[in-house]
Amino acid sequence: MAYNVLLFADPGIDDSFAIMYALLNPHINLVGIVSGYGNTKKEQSVKNSAYLVELGGREDIPIIAGAAGPLSGEPVQYYPEIHGPEGLGPIRPPDSFQNIKVHDYNKILEIVNQYKGNLIIVNVGRLTELALMFILYGDNALKDITEFYIMGGAFLVPGNITAEAEANFYSDSIAARIVMEKAHNVHLYPLNITNRAIITPEMVEILAENSPTSFRPLLKPTFDYYFKAYQKNVPGIKGAPIHDVVPLMAITNPEIFKYIPRRVKVEEFGNAKGKSIADFRPKPDPEPLETLDYIGMEADIPKFVENFMEIFLKGDYEKK
């Protein structure tokens, strides 16, 4: 059985690995990609998504243009030192990608209705687009979504943008709060797990030499760029965390992850902007069951690595 997945992303190197993973995984049916600002400008994000689906032979997957900036209206800060000026490290999509067929925002509702009751939303970028769904179409707009799998937050560990905040929650803290309040059946993958989801240069060398996929020429140059950035930011690190693959892997390999059910809240403003908060006391304040989120706090990293390598070494799959 393949899980129908609508992916919200802002590629970005680790987002790009997530898209490639989703396209290669036989148990994931990628039904659309919403591409907005984040690691690059919206226009580049759209271009990168289109480039990856074409390389994967899946031009049938609709690319939906997302937001150009956060709900606060604040200027967007990009991270070319981590992802490169165009999001794929040294890789530049060819100029033939100037005329990309891009769908508008209403395509999201069309997809939700098409797969009513049998669709998972995975969000590995900023949460602006998801929040806008609730703002524009009301609290029940996404009631038919089965589950939400979100990469974001950091609990009782340092953030990666500020001392306390992770990038997706920090960059649009208003949107993060809205989504965590209004979405249901949320599985959240914070830095607690994703910082440990490390792939090493030696593993990527194996993929670069042996992967039969159409993505093979991208793997080593994009990873090497990303890894060099992490070596500067985290001295002594042996590889680079592929954050955004984690929620996709959790769909098809749930046994790898362990969760704590808690209600998650997000600080919107001030010095703690973007901080994710949950009550981890032995006896937390009672919350209605339907408001609880499932926070991923433990992961079997050797199994994560094993599955990552397996998917990229198996080859391209035909998706029905």
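Rules behind the numbers
- Residues numbered from 1 in each chain as written.
- Predicted model: local features only at pLDDT ≥ 70, side-chain atom pairs only at ≥ 80, totals over all residues.
- Heavy atoms only, no water.
- Helix = DSSP H or I, 4+ residues; strand = E, 2+ residues; numbered from the N terminus.
- Rg over C-alpha atoms; globule rule 2.2 N^0.38 Å.
- Contact = heavy atoms within 4.5 Å.
- Areas by Shrake-Rupley, 256 points an atom, 1.4 Å probe, with all protein chains shown as cover.
- Buried < 20%, exposed > 50% of the residue type's maximum accessible area, 1.4 Å probe, protein only.
- Pairing = 2+ DSSP bridges.
- Right-handed = clockwise from strand over helix to strand, strands pointing away.
- Core = buried A, V, L, I, M, F, W, Y, C linked by side-chain atoms within 4.5 Å.
- Polar contact = N/O pair within 3.5 Å; in protein donor to acceptor, adjacent residues only side chain to side chain.
- Axes fitted to C-alpha atoms, helices over the stretch in contact; angles between N-to-C directions.
- Parallel < 35°, antiparallel > 145°, perpendicular 65-115°, else oblique.
- Left-handed = near helix turned anticlockwise from the far one by under 90°.
- Nonpolar A, V, L, I, M, F, W, Y, C, P; charged D, E, K, R; others polar.
- Salt bridge = Lys/Arg side-chain N within 4 Å of Asp/Glu carboxyl O.
- Arc of directions from axis to C-beta.

Draft legend 1. Spotlight on the overall build of the protein. Along the protein, the regular secondary structure elements total 12 helices and 12 strands. Relative to the globule expectation of 20 Å for 320 residues, the C-alpha radius of gyration of the protein, 18 Å, shows essentially globular dimensions. Along the first, second and third principal axes, the C-alpha atoms of the protein reach 55 × 45 × 40 Å. Pairs at least 24 residues apart make up 82% of the contacts formed inside the protein by residues separated by at least 6 positions. Of the roughly 13600 Å² of accessible surface on the protein, 51% is carried by carbon and sulfur atoms.

Draft legend 2. The arrangement of the pairing of strand S4 (residues 120-123) in detail. With burial as the criterion, each face of S4 is covered, one bearing Ile-120 and Val-122 and the other bearing Ile-121 and Asn-123. In the sheet, strand S1 (residues 3-9) pairs with S4 via 4 bridges, with the strands oriented parallel. The residue bridging Leu-6 from the neighbouring strand is Ile-121, located in S4. In this structure, S4 lies alongside strand S5 (residues 147-151), joined through 4 bridges in parallel fashion. Bridge pairing links Ile-121 to Phe-148 in S5. A crossover connection joins S4 to the parallel S5 through helix H5 (residues 128-137); in handedness this β-α-β unit is right-handed.

Draft legend 3. The arrangement of the nonpolar core in detail. With 67 residues, the main nonpolar core has Phe-17, Val-122, Ile-199, Val-245, Phe-308 and Phe-312 as its most contacted residues. Looking at this core element by element, the count peaks at 9 residues for helix H1 (residues 13-24). Membership of the second largest hydrophobic core comes to 36 residues, among which are Val-112, Leu-130, Ala-175 and Ala-278.

Draft legend 4. Highlighting the environment of Thr-146. Checked against the element boundaries, Thr-146 lands in the loop between H5 and S5. Separated by 39 residues in sequence, Thr-146 and Asn-185 have C-alpha atoms that sit 7.4 Å apart. Setting aside anything within four residues of it in sequence, one finds Thr-146 in contact with Gly-117, Asn-118, Leu-119, Ile-120, His-184 and Asn-185. Among the polar contacts made by the side chain of Thr-146, one reaches the main-chain carbonyl oxygen of Gly-117 at a distance of 3.4 Å.

Draft legend 5. The packing of helix H9 (residues 201-210) against helix H10 (residues 216-233), seen in detail. It is the contact of H9 with H10, at a shortest axis distance of 8 Å, that shows an interaxial angle of 160°. Comparing the axis directions of H9 and H10 gives the class roughly antiparallel. Remark: the crossing between H9 and H10 carries left-handed chirality. Of the residues in H10, those touching H9 at Pro-201, Val-204, Glu-205, Leu-207, Ala-208, Glu-209 and Asn-210 are Arg-216, Leu-219, Lys-220, Phe-223 and Phe-227. The class makeup of the residues in the contact of H9 with H10 is 7 nonpolar, 1 polar and 4 charged.

Draft legend 6. Just the pattern of salt bridges, in detail. Inspection of the entire model under this criterion finds 16 salt bridges. A salt bridge links Arg-126 to Asp-10, with the nearest nitrogen and oxygen atoms 3.8 Å apart. Here the residue Arg-126 occupies a position in the loop between S4 and H5, and Asp-10 occupies one in the loop between S1 and H1, the gap between them amounting to 116 residues. In this structure, Glu-110 and Lys-107 form a salt bridge, with 2.8 Å as the shortest nitrogen-oxygen distance. Highlighted residues: Glu-110 and Lys-107, both in helix H4 (residues 106-114), separated by 3 residues, approximately one helical turn. For Lys-107, a relative accessible area of 15% translates into the label buried.

Draft legend 7. Seen up close, the sheet that holds S5. Reading across from one edge, S3-S2-S1-S4-S5-S6-S12-S9 is the order of the 8 strands in this open sheet, with mixed pairing throughout. Only two strands of the sheet have a single partner each, and these edge strands are strand S3 (63-65) and strand S9 (257-262). Each strand of the sheet is rotated relative to its neighbour by a mean of 25°, with strand direction disregarded.

Draft legend 8. Focus on H4. Residues of H4 that are buried: Lys-107, Ile-108, Ile-111 and Val-112. The buried residues of H4 all sit within an arc of 140° when viewed along its axis, so they share a single face. Against the buried residues of H4 lie S1, strand S2 (28-35), S3 and H5.

Draft legend 9. Spatial organisation of the packing of H1 against helix H12 (residues 301-314). Two numbers describe how H1 lies on H12: the axes approach to 9 Å, and their chain directions differ by 65°. By the criterion of interaxial angle, the relationship of H1 to H12 is roughly perpendicular. Along this stretch, H1 crosses H12, giving a crossing that reads as left-handed. Facing H1, whose interface residues are Phe-17, Met-20, Tyr-21 and Leu-24, H12 presents Asn-307, Phe-308, Ile-311 and Phe-312.

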